[in-house]
Amino acid sequence: MKIQSFPSLSNPDAQILLLGTMPGVKSLAINQYYGHPRNHFWKLLSAIFEVELPLNYDSKKEMLLQNKIAVWDVLQACEREGSLDSAIVKEVPNDFNLFLSQHPKIKIIGFNGQKAATYFKKYIKTDKDYFYITLPSTSPANAGKSFEQKLSEWKTIRDFITVP
């Protein structure tokens, strides 16, 4: 089945870009990034920024933007049955040169899992040097690490945000 990603969640003040591969079935069904209730993404970000986990999607997006985080996916479209990244075929990347030119304060690009990093390296060539960090996937399919282990690694993104 052919699927499309979502527009980015971002504003011009973003300093960190967090990239997934492609939204899963549940996320696509409810039209929300990281919409699966067992995905740790939102819980991790609220723990990192020491705020209560927002209850609705608009509040979750606001938490990101207030903390200078942009979220997007490496792929703009692909074919995939189910939610596993390993099932992706006929992938089409997003236009990162345009996005990054519109977000000049981004210095760090973080990957939510190995597959996002792999697709980015395969398709994207940037004009600037960025610091890249591959983080453990927040997906419920990544059961090899506990929430606490993921949090320990994900906390490093906080060190890259500068407050004016």
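Our subject is the structure that appears above.
For clarity, every value in this text was computed on a predicted model and none was experimentally measured.

## Some details on the overall build of the chain
Reasoning step 1: Of the regular secondary structure elements, the chain holds six helices and seven strands.
Reasoning step 2: Expected size for 164 residues packed as a compact globule is a radius of gyration near 15 Å; at 15 Å, the chain falls within 12% of this value.
Reasoning step 3: In terms of overall dimensions, the chain has C-alpha extents of about 45 × 35 × 30 Å along its principal axes.
Reasoning step 4: The buried share of the chain, taken over its 164 residues, is 45%.
Reasoning step 5: Within the chain, contacts between residues at least 6 apart in sequence are counted, and of these 65% link residues at least 24 apart.
Reasoning step 6: Within the structure as shown, the chain displays about 8,600 Å² of accessible surface, and the carbon and sulfur contribution to it stands at 53%.
Reasoning step 7: Placing the 20 positive and 16 negative side-chain charges of the chain at their respective mean positions leaves the two points 3 Å apart.

## Quick word on the nonpolar core
Reasoning step 1: Counting residues in each nonpolar core, the largest one holds 48 residues, and the members touching the most others are Leu17, Leu18 and Leu45.
Reasoning step 2: Considering every element that reaches this core, the biggest residue donor is helix H2 (residues 41-48), with five residues.
Reasoning step 3: Each residue touching leucine 45, except ones within four places of it in the same chain, is listed here: Leu18, Met63, Leu64, Trp154 and Ile157.

## Describing the packing of H2 against helix H6 (residues 147-154)
Reasoning step 1: Taken N-terminus to C-terminus, the directions of H2 and H6 make an angle of 55°; their axes are 10 Å apart at the nearest point. Judged on the interaxial angle alone, H6 and H2 are oblique. For the element pair H2 and H6, the recorded crossing hand is right-handed. Seen from H2, the contacting residues are Phe41, Lys43, Leu44, Leu45, Ala47 and Ile48; seen from H6, they are Phe147, Lys150, Leu151 and Trp154.
Reasoning step 2: The residue inventory of the contact of H2 with H6, partitioned by class, reads eight nonpolar, no polar and two charged.

## Topic: the side chain of serine 27
Reasoning step 1: In this fold, serine 27 is placed in helix H1 (residues 25-30).
Reasoning step 2: Classification of serine 27 by relative accessible area gives buried; the value is 6%.

Conventions used here
Residues numbered from 1 in each chain as written. Predicted model: local features only at pLDDT ≥ 70, side-chain atom pairs only at ≥ 80, totals over all residues. Heavy atoms only, no water. Helix = DSSP H or I, 4+ residues; strand = E, 2+ residues; numbered from the N terminus. Rg over C-alpha atoms; globule rule 2.2 N^0.38 Å. Buried < 20%, exposed > 50% of the residue type's maximum accessible area, 1.4 Å probe, protein only. Contact = heavy atoms within 4.5 Å. Areas by Shrake-Rupley, 256 points an atom, 1.4 Å probe, with all protein chains shown as cover. Lys, Arg positive; Asp, Glu negative; His and termini not counted. Charge placed at Lys NZ, Arg CZ, Asp CG, Glu CD. Core = buried A, V, L, I, M, F, W, Y, C linked by side-chain atoms within 4.5 Å. Axes fitted to C-alpha atoms, helices over the stretch in contact; angles between N-to-C directions. Parallel < 35°, antiparallel > 145°, perpendicular 65-115°, else oblique. Left-handed = near helix turned anticlockwise from the far one by under 90°. Nonpolar A, V, L, I, M, F, W, Y, C, P; charged D, E, K, R; others polar.

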